[in-house]
Each structure stands twice: as C-alpha cells, then as structure tokens.
Amino acid sequence: MKHHFRLLLSLTVILALGSLAACSGKTTTTQSPHKRVTLTFWHGMTGTSQQTLNELVRGFNHSQSKYTVVASAQGNFTNVQQKIMAAAKSDTLPTIAQTTYTNVPDYVHGKFIVPLNNYLPKRTMARIDPHLRQVSYYRGQTYALPFSKSIGLLFYNRDLLKQTHTAVPKSWEALQRDATRVKAQGLTGLALNQNFCAEWDTLTFQAGTPLMTPRPKLTSPKMLAATHVVYDMLKAKTATTAGTDGYGNVQFFKGKTLFYSGSSAAIGVLQTSTPKGFHWGTAPLPSYRGNRHVSAIQGNDLVMFKSASKAQRRGAAAFMTYLLGQKQTLKWAKATGYLPLTTLVDFLFHRCTKLLFHNWINCPVKLAIFQGIFSRVDGHPKRVRTRIDLLD
C-alpha cells in the first residue's frame, strides 16, 4: 500500500513539474519582445535641420517595429568625412551616413559602400526628381540617395534697399554697380560665405566655361572674366567674405550689408536668428551678361556601408524609402530650406500654384523655396511644375 502511495505521489509530482514547465515555456514565448535591428546613422546636421532630422527619425522608428535608427551628429560635414575615413580603417563604420556626393568615388574605390540598386526598387528611385537622381549615379550604379540638397539664393535687406533706393539686381553687373554706389554711404554690397566656390561655379557655367567638367578651360578669357566678378568686388571692398564666421549671414545681420549670397539651406538658420526689426527677403541669384538664370545644386547624400548586415541593409532601405514619403520630404523642405526630393502627380500643379501666389507670396521661407527652384529650372516649365507641387 505504501509502495502504491509513493508511486502515485511521484507521478503527481512529475505531472505537476511538467505542467509548470509547459506553462513557463508558454509565458516566455508570449512575453518575449521582438528584437529590433539597430541602424546607426552619422550626419552633419545642426540647429533646425538636426531637430527636424531627429523628428523624422523618431517618426520612422514609431512607424514600424522591425528597425531602430540611432542618429548621431558628428559635427560639421568635414568632421563627418574625417570620421568615416577613420572608421573605414578601424572597421567601425555606421550603417548609413550623410556625405557629399563628390566623396562617392573614393568610397567606391575603397570598397566600403554598396550600391543601392539591390535594396531600393526602381519605383522608389523613380519618385526622386530626375535631375537630383542623376548626381547619385557612378559607373552605372546608384551609390547615394539625394537628401540635403540646396540651391543658391540672394538674400536682401529690405530696409536698406528702401533706404538706398536700390532694386533687387537681376544681373551681376547691376549688383556690382549698386555695391560701388552704396560704398560711399559706408555700406557693403555683398556678403559671401567663407567658401564662395558655388558663386564661381554658377558664374563660369553661365559664361559657357563650367568649372565642373573633366577639362575646364582655366585660362579661357571667358572663365577668367566670370571669376573676376567676385574677385574684383572683394578687391574693391564692395563685397566681403565670412572669414572665421564661416557663413555670410553673420555679416548680413549686422545691418550694413545689402545682399547675402547664400544657400536655401540657410533659411532655417535665418529664421531662428533674425534680429528684432530686421526684415529680409529672397531672390534668385543674378544672371551673368544676359545669360539664363542658373543656380548650382549643392548638398549631401546618404550612403550605405558594406559592413552593414543584410538585415541592417534592408532596414536602411526602409528608412530611405520613408524619407522619400510625401509627408516627410515636404516637412524636411519646409523646415530646413533644402529642396523637396520627390515629384507628385500633375493635377496638383494648378491648385498649388494658386495657393502659392494668393497665400504664400509674403512668406519669405516658402517664397525663397519657390524663387530658388525657379532660378534653377533654366526655363523648363515641367521642372517648375514638379517642384511647386511639393510646396502645398
């Protein structure tokens, strides 16, 4: 009897332990959280642009449950480039990074970035403005995604123009004359960034002797004349560079300079740092010797590194696709002054154009984006239409 009782007790204990184990296994499986794939993202954004980028990153992370993007500011773009090159040597590269498209050939030769063709479908790439998309190609492959793209704009001090009876110049020749005239009043005509290669690029392109070409005509009289526009103004002290300030908006905001040749990306900075009582507006960069208005596209792209795992690459592609969404690209453009990257359907053109001229004409930010985009379209209405669509 005792033997049967011990056997029954043993069976009961075994069954109880089995039940507990089963329950324990079931609970673990149910409560185990889904492990996200972490994507590291190095960038060079600061101020309003960094704040907006962080908002976009949070939006992506909340929009799905597979990936988590961790954005990390690495300083200015020069710092980002330096850290990328150092990380390539130590095998500590991030998943993706922001970089100037001119760095892409070096990255390809170093074998530490991968083409995006296998990760971003053609229909996704087709949403990008074709003129911006062209810059992403290298040796028949798409190695970069256009992201923080800007164009040159002419900012002007409304009050000084009124005070000096000066009109917004449509040509560099007019700007030179106005700058010479106001110098006698203790004013400077033009403020430039520390680096004014964009102005040289625009001027030489309009002169028919572009700098950005495999065989630039460096000794051509036309090229020399075009580069001397800025050089002569600096020599005559009718223009000034930013020097250690980096950007010409510092000089511009001192209230003694009529114009500032800058980038549409400066709009966010100017918005948040405009002194009280200071009124500014925007216009396309002047034309040169009657040639068509042209503004060079500047800025940075996104690249994906070879060291990323397959899961990270898929996540990076998902993040890039998210950034190209209508809501995201419009938010990015409005907040930062960078160009909207994608095109929308044509039927929006009429509605957006009407809104633009009736409701936005007094808004310097939206007007700057429109005017700047118009200055770079070189007279092609179709390109204007695809850009205005994104301003609604």
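Cut-offs and rules
- Residues numbered from 1 in each chain as written.
- Predicted model: local features only at pLDDT ≥ 70, side-chain atom pairs only at ≥ 80, totals over all residues.
- Heavy atoms only, no water.
- Helix = DSSP H or I, 4+ residues; strand = E, 2+ residues; numbered from the N terminus.
- Contact = heavy atoms within 4.5 Å.
- Areas by Shrake-Rupley, 256 points an atom, 1.4 Å probe, with all protein chains shown as cover.
- Phe/Tyr/Trp six-rings, centres within 6.5 Å; stacked < 30°, edge-to-face > 60°.
- Expected span 1.5 Å × (residues − 1).
- Buried < 20%, exposed > 50% of the residue type's maximum accessible area, 1.4 Å probe, protein only.
- Pairing = 2+ DSSP bridges.
- Salt bridge = Lys/Arg side-chain N within 4 Å of Asp/Glu carboxyl O.
- Core = buried A, V, L, I, M, F, W, Y, C linked by side-chain atoms within 4.5 Å.
- Arc of directions from axis to C-beta.

*Asks:* In this structure, what is going on with the overall build of the protein? I would like to understand it.
*Replies:* Along the protein, the regular secondary structure elements total 17 helices and twelve strands. A sequence separation of at least 24 residues applies to 77% of the contacts in the protein between residues at least 6 apart. Per element, the accessible surface of the protein, about 20,400 Å² overall, is 57% carbon and sulfur.

*Asks:* Explain the packing of aromatic side chains here, please?
*Replies:* Under the defined criterion, the tally for this structure stands at 16 aromatic pairs. On the numbers, 5.3 Å between centres and 75 degrees between planes, the contact of Phe252 with Phe278 is edge-to-face. Pair noted here: Phe252 is in helix α11 (residues 249-252) and Phe278 is in the loop between α12 (267-273) and β11 (280-283), with a separation of 26 residues, a long-range link.

*Asks:* Mind showing me how you'd approach helix α2 (residues 47-63) here?
*Replies:* Because an α-helix packs 3.6 residues into every turn, residues spaced three or four apart end up facing the same way. Between its first and last C-alpha, α2 extends 25 Å over 17 residues, near the 24 Å set by a 1.5 Å rise per residue. Of all the positions in α2, only Ser49, Thr52, Leu53, Leu56, Val57, Phe60 and Asn61 are classed as buried.

*Asks:* Help me understand the pairing of strand β12 (residues 297-305), please; the structure alone is not making it clear to me.
*Replies:* In regular strands, side chains alternate between the two faces of the sheet. Relative to β12, strand β3 (residues 96-100) runs antiparallel, the two sharing five bridges. Bridged to Gln98 within β12 is Leu302. Summarising the sheet, strand β4 (residues 113-114) and β12 pair through two bridges and their orientation is antiparallel. Across the sheet, residue Ile113 finds its bridge partner in β12, namely Phe305. Bridge analysis of strand β7 (residues 145-157) against β12 gives six bridges, and the strand direction is antiparallel. The partner of Ile151 across the bridge, within β12, is Ile297.

*Asks:* Hey, could you run me through the pattern of salt bridges in this one?
*Replies:* Oppositely charged side chains may form a pair once their charged atoms are brought near each other. A complete count under the given rule lists three salt bridges for this structure. A salt bridge links Lys331 to Glu55, with the shortest nitrogen-to-oxygen separation between them at 2.9 Å. Pair noted here: Lys331 is in helix α14 (residues 326-336) and Glu55 is in helix α2, with a separation of 276 residues, a long-range link. On the basis of relative accessible area, Lys331 is assigned to the partly exposed category, the value being 35%. Among the residues examined, Glu55 registers a relative accessible area of 29% and is labelled partly exposed. Arg181 is paired through a salt bridge with Asp178; the nearest N and O atoms lie 3.4 Å apart. Residue Arg181 and its partner Asp178 are both found in helix α8 (residues 172-183); the two are separated by three residues, about one turn of the helix. On the basis of relative accessible area, Arg181 is assigned to the partly exposed category, the value being 35%. For Asp178, a relative accessible area of 15% puts it in the buried group.

*Asks:* Hey, could you run me through the nonpolar core in this one?
*Replies:* One recurring pattern in soluble globular proteins: nonpolar side chains tend to sit buried together. Core analysis: the biggest nonpolar cluster contains 33 residues, and Leu145 and Phe319 have the highest contact counts within it. Ranked by the residues each element gives to this core, the list is headed by helix α13 (residues 310-323), at six residues. The residues contacting Phe319, other than those within four sequence positions of it, are Phe41, Val57, Phe60, Val69 and Ile96. Grouped together as the second largest cluster of nonpolar side chains are 24 residues, Leu160, Leu187, Val229 and Leu258 included.

*Asks:* What is the right way to read α8 from this model?
*Replies:* With twelve residues, α8 extends 16 Å from end C-alpha to end C-alpha; this agrees with the ideal 16 Å at 1.5 Å per step. Buried residues of α8: Trp172, Ala174, Leu175, Asp178, Ala179 and Val182, and no others. All buried residues of α8 fall inside an arc of 150 degrees around its axis, so they share one side. The outward face of α8, more than 90 degrees from its buried face, is lined by the exposed residues Arg177 and Thr180. In this fold, the buried residues of α8 make contact with β8 (188-192), α9 (197-206), α10 (221-235) and β10 (257-263).

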